Amino acid sequence: MPKTEADLMAFLTELGIAASTKRHPPLYTVADSQALRGEIAGGHTKNLFLKDKKDNFFLVTVGEDAVVDLKQIHQVIGAASRVSFGRPEMLMELLGVTPGAVTVFGVINDTANRVKLVLDKDLMEHEVINGHPLTNEATTSIAARDLIKFVEATGHDAAILKVSA
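Residues numbered from 1 in each chain as written. Predicted model: local features only at pLDDT ≥ 70, side-chain atom pairs only at ≥ 80, totals over all residues. Heavy atoms only, no water.

Asks: In this structure, what is going on with helix 5 (residues 144-153)? I would like to understand it.
Replies: Count 3.6 residues to each turn of an α-helix, and residues three or four apart come out pointing the same way. Residues Ala144, Asp146, Leu147, Ile148, Phe150 and Val151 constitute the buried set of helix 5. On the buried face of helix 5, the contacting elements are helix 1 (5-14), strand 5 (115-120), strand 6 (128-131), strand 7 (138-143) and strand 8 (159-161). Taken from the residues just after helix 5, Gly155 is the one with a positive phi, measuring 90°. (Buried < 20%, exposed > 50% of the residue type's maximum accessible area, 1.4 Å probe, protein only. Helix = DSSP H or I, 4+ residues; strand = E, 2+ residues; numbered from the N terminus. Contact = heavy atoms within 4.5 Å.)

What follows is the structure, encoded as structure tokens:
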């Protein structure tokens, strides 16, 4: 069973990471979430679950307004070929979330470390980063440095690369 929002919050607490969470109606797209601007400060995320032809998986987390060239991103993230979006079944298997709830926090469920996480350099310039806490019915805010701490505590590398245009 994938970890829940409560499991995520307990993990953050164990790590000594302060997080605040705001509940809201389900948000499925960046456009949906932009209605909350002003209520939640910091960098808001857009997450791309990608795979290459050799079944290498990537979670690319960028700012909500970032433009990403999917025809060229494979060269930046180290994919074996051009990338496509990963299937919903693999998203659930690897990150424990459904489409519309894809989040950087999903790496907590990738215990086999099959997903390479890439954080966009521009996003990481924000002091606070916001992401869904494994559900699209809330937004959790944590400090950017604490996001790195969280990612590393899950056994993943926090690859910070310039992926947005």
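Asks: Explain the environment of Ile17 to me, please; I cannot follow it from the model alone.
Replies: For Ile17, the position within the fold is in the loop between helix 1 and strand 1 (20-23). Judged by relative accessible area, Ile17 falls into the buried class, the value being 6%. For the pair formed by Ile17 and Leu147, sequence separation is 130 residues and the distance between their alpha carbons is 8.7 Å.

Asks: Would you explain the pattern of salt bridges in this entry?
Replies: Opposite charge on two side chains permits them to pair, given that their charged atoms come into close proximity. Within this structure, the stated rule accounts for six salt bridges. In this structure, the salt-bridge partner of Arg87 is Glu89, at a minimum N-O distance of 3.1 Å. Between Asp122 and Lys162 there is a salt bridge, and its shortest N-O distance comes to 2.6 Å. Residue Asp122 is located in the loop between strand 5 and strand 6, and its partner Lys162 is located in the segment after strand 8; the two are separated by 40 residues in the primary sequence. A relative accessible area of 32% means that Asp122 is categorised as partly exposed. Residue classification places Lys162 among the partly exposed residues on the basis of a relative accessible area of 41%. (Salt bridge = Lys/Arg side-chain N within 4 Å of Asp/Glu carboxyl O.)

Asks: Just to check I follow, could you spell out the side chain of Asp52 for this structure?
Replies: On the secondary structure map, Asp52 appears in the loop between strand 2 (43-51) and strand 3 (57-63). Reaching out from Asp52, the side chain makes a polar contact with the backbone nitrogen of Lys54 at a distance of 3.0 Å. In this view, Asp52 contacts Phe58, Ala79, Ala80, Ser81, Arg82 and Val83; residues no more than four positions away in its chain are not counted. (Polar contact = N/O pair within 3.5 Å; in protein donor to acceptor, adjacent residues only side chain to side chain.)

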